[in-house]
Structures are given as C-alpha cells and as structure tokens.
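# Secondary and tertiary structure notes
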Amino acid sequence: MFSDLVQKSAHHAGQTLRTGCARAGLLLAGLFITGAAIAAWQDPLQTPAMATQKAHQTLLLDVIRVNQRLVAVGGHGNIIYSDNNGETWVQASVPVSVTLTAVYFPSGDFGWAVGHDGIILHSSDGGKTWSKQFDGYMANDAIVAGAEQKKEYAMARLEEAEDSGDDIAVEDAEVALEDATFGLEDAMYDQETGSTKPFLDVWFYDAKRGFAVGAYGMFFYTSDGGESWSDASARLNNPQRLHINAIAPVGPQSLVVVGEMGMILRSDDLGESWTLQESPYDGSLFGVVAKGDTQLLFGLRGHVYQSLDGGVVWDEMDTGSEQTVLSGVVAQEHTLLVGNAGSVVVFDESMSAPKATTVEGRKGYAAAAETSDGKFVLVGEAGVMRLDANAGLIHQTITMAAGDL
C-alpha cells in the first residue's frame, strides 16, 4: 500500500518512513542475495543516479516550483525538472542513488534536497546539477559529539549540586546525567550501525540559513549555505527523539515542526528557540500549511485541523475523506492537500469549504505544486500527474526529454 511507501513517520519498532514497504521488500529480497550479488553491491551514497527515460513514471516524493521551473525528487536518487509546467521533464545529474524525500529552493538558483542515509544535496544552478554536502556518517559523528558535550555538561552540573549540598538539586542532576549517558550510548550505537537514518524535510530562509529534519529527532542547522551542518536537536523539547516529519514557515519569523505522536513545536525567532505546542491529535502529523493567520494541520487517516489564530486553537474539519494526508500547497485561488489512494482535498481561497475528490487511478500522492499557468502537478507512487485548476485530471502524455546525463 502507498500509505507505507510514502509514510513520513515510523513506528518505534524501527520501520521507517516514506519508503517503508520498499525497504521491507529489500529486506525480504536480501534473504536470497547470492555471493556474486553481494560482491557487486555498490554504496548508494557513492553511486550516481542511473540515467533513465522513466524517471517521471517512478516513485517521486516531493515537488516544488521555482519561478517557472518545477523540480521533483524521489527514488533511486532521481531528480527531474520541467520548464513547461510539467509536460516535459529532464533528469538532473545527481551523485547518489539513495531515495530522496524532500526538496526546497529559497531562490531560483540555490536549492537543497534531502533523503535516506542522512543525505543532503545542493544545487546552485536551479536544479540541473547536484553535489553532496552531508550524509548519515557525518550526521552520526555530529550527534555523538553533541551527546558527549551534553554528558560533560551534566557531569559538571552534578558536581556543582553535590558541592551545594542541595539534595533536590543533586537528585535532578543525577537524573539529567543518566539521561545524557543513555543518549550518548544511543548515539554511539547509531554511529556503529552506519548511515541508516533518513532526513524527511528541508527548509531554507535564504541561501545561507536552513534546517534539515528527520527520523529519530534529527534536527540539523546551517548558517553558511550547507558548507557545514550542526546538530541543533538540543534546541527542541523532544526527549523521546520522535520522528520529525516536516518543517514549514507559518509567519515572517515563525516556523513549525510536526512529527509522530502529535508533536508540534513552534519557533518565532527563525529556529533559535522552540516551544512545545498543545496538539489536537495524538497520531502522526505530516505537515502544516499557512496563509496569514489561517493554518491547516494534517496527518494520519484524513485528520485535518484548521486554526484561524495562527495555531493557538485548532478545530477538526470534516473534509469528506479518511485517507492519510501527506502534503499540501497554498495556491493563488485554492489550497490542495494530497495523500493516499488518489485523495485530493481542495479548499477555497480562505482555506475553508473543503471538497474531497479522488484522482482517477487512485494512486497515492506525496506532494503537489502549482504551475505557472494556474494548474497543478502531483507526484507520488506513479510519478508525475497533472491536474487542472479545479483539481481534475489532465489526460495528456507526460514525457522525458534528453538531458545532460
């Protein structure tokens, strides 16, 4: 089921993320791998995406419009772009073949894509070519370094508490040190395991400042355009290391991250500090979109909530669909939410009056973008689909053009 293919959240048992079933299939296939196949295995972090004329028909997990260009990312390291509203696509040059889960461009030239194995890619030419900035090995090293600092700080606090003779302070410091010790042990275990944790979303304020978020509470920040990435998870109140499924702007200086178990965290200073928010839902949340003070929050089993006061009070909406909602886009006249089994929910200009439709074929969709001519492009289980301004399927052949690969 596509709900497993595109699920951005994972259960504590460890089944991860937007390509959960695909990963399970690989594990089953692994039972029958021969010695020759093992010898032929290539690290996807070191293997460029394979050139194919079918990239627009395979699993794609995110799409964004950058000026007149559309850029989409997905399985096997595929990145494709279109300059004619999604009718024709070109495959980009990508140095890895891991599944890519999200893409973001703060400007027309500079963009970032993230995905499995902790990968972060960067483009400076509008998405035509990409280079690797960061991966899961580097992420593990950074997390271990942060955990070591946290343990050192906890040890210093315990010494101060013991010197003070305050029994309550000593007890609190001992608990903090115990937590820090467990955190370091977990980080070192992950480091030994390898580059296994995926990033699930990425957002940049400008060409320098941005965040990459993902599984097991991964939360990384850069202030130099990705030349260096630092573990900023200590900024969040997320002691359980819940999966962070999405990060989104909800105001000029305000950001929201959402994740499993109904987690909502808000920042009003561009990510420097974060406050845990009361959530209307205790299941996995996959995203939030905003237009002024009106916001839509969405997640599992068709749960959609509307706030008219910037995210303080949430009211559940009856959209007419019970399909899991995975992503949304605010367009000029409508807001679209998309998800499993061809589900598309269309809202009016004020983010009200939802109308649920099911796109022909009932394929699952992971993301949507408005085209420059007021139509929509959806990406998901079966690649690219085009919708008209009223969310009706456009019956037109979508093709791949020869690129530079």
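All of the points below concern the structure found in this document. (Residues numbered from 1 in each chain as written. Predicted model: local features only at pLDDT ≥ 70, side-chain atom pairs only at ≥ 80, totals over all residues. Heavy atoms only, no water.)

### Some thoughts on unusual backbone geometry
Selection rule: Only runs of H or I of at least four residues qualify as helices and only runs of E of at least two qualify as strands under DSSP, and these elements are numbered from the N terminus.
For Asn-85, which is not glycine, the phi dihedral falls at a positive 65 degrees. The residue Asn-85 is located in the loop between strand S3 (79–82) and strand S4 (88–91) in this model. Of note in the backbone geometry, Arg-301 takes a positive phi value of approximately 55 degrees without being a glycine. For Arg-301, the position within the fold is in the loop between strand S18 (294–299) and strand S19 (304–307).

### Thoughts on the nonpolar core
The condition is simple: Nine residue types can take part in a nonpolar core, namely buried Ala, Val, Leu, Ile, Met, Phe, Trp, Tyr and Cys, and a core is a set of them joined through side-chain atoms within 4.5 Å. Any residue under 20% of the maximum accessible area for its type is buried, any over 50% is exposed, and the rest in between are partly exposed; the area is computed with a 1.4 Å probe on protein chains only. Should any heavy atoms of two residues lie within 4.5 Å, those residues are considered in contact.
Counting residues in hydrophobic clusters, the biggest one holds 25 residues, and the most contacted among them are Leu-297 and Leu-337. A per-element tally of this core places strand S17 (residues 285–291) first, with four residues. Every residue in contact with Leu-297, bar those within four places of it in the chain, is listed here: Val-258, Ile-264, Pro-280, Leu-285, Gly-287, Val-288, His-303, Val-304, Tyr-305 and Trp-314. Judged by nonpolar contacts, the second largest core, of 20 residues, contains Ile-64, Ile-79, Leu-100 and Leu-121.

### As for helix H5 (residues 167–193)
Residues spaced three or four apart along an α-helix face the same direction, because each turn holds 3.6 residues. Here is the rule we go by: To estimate how far a helix should extend, the number of its residues minus one is multiplied by 1.5 Å.
Between its first and last C-alpha atoms H5 spans 39 Å; for 27 residues at 1.5 Å apiece the expected length is 39 Å, and the two agree. Those residues of H5 that sit buried are Val-170, Ala-173, Leu-177, Ala-180, Leu-184, Ala-187 and Asp-190. Buried residues along H5 sit in contact with helix H4 (136–164).

### Some points on the environment of Glu-272
Mapped onto the fold, Glu-272 is located in the loop between strand S15 (264–267) and strand S16 (275–276). Each C-alpha atom of the pair Glu-272 and Tyr-221 lies 10.0 Å from the other, and the pair is 51 residues apart in sequence. Apart from residues no more than four positions distant in its own chain, Glu-272 is found in contact with Arg-235 and Ser-267.

### Regarding a negative patch on the surface
Put simply, the test is: Each patch is built from salt-bridge-free residues with over 30% relative accessible area, joining like charges within 9 Å and nonpolar side chains (Val, Leu, Ile, Met, Phe, Trp, Tyr) within 5 Å. Residue burial considers only the protein chains on display, and all accessible areas are found by Shrake-Rupley using a 1.4 Å probe. Salt bridges are defined by distance alone: a side-chain nitrogen of Lys or Arg within 4 Å of a carboxyl oxygen of Asp or Glu. All tallies of charge rest on Lys and Arg as positive and Asp and Glu as negative; His and the ends of each chain are not included. Charged groups are reduced to one reference atom each: NZ for lysine, CZ for arginine, CG for aspartic acid, CD for glutamic acid.
A cluster of like negative charges, contributed by Glu-159, Glu-160, Glu-162, Asp-163, Asp-166, Asp-167, Glu-171, Asp-172 and Glu-174, occupies part of the molecular surface. Every element with two or more residues in the negative patch is listed here: H4 and H5. With respect to the element layout, Glu-160 can be found in helix H4.

### Re the sheet that holds strand S6 (residues 111–115)
The test is simple: Strand pairing requires that DSSP identify at least two bridges connecting the strands. Fitting a line to C-alpha atoms yields each axis, with helices limited to the stretch in contact; the angle taken between N-to-C directions then spans 0 to 180 degrees.
Sheet architecture is open: four strands sit in the order S5-S6-S7-S8, paired in antiparallel fashion. A strand with exactly one partner marks an edge of an open sheet, and here the two such strands are strand S5 (100–104) and strand S8 (131–134). When the angles between neighbouring strand axes are averaged without regard to direction, this sheet yields 30 degrees. Here strand S7 (residues 119–123) pairs with S8 via three bridges, running antiparallel. Bridge pairing in S8 links Leu-121 to Lys-132.

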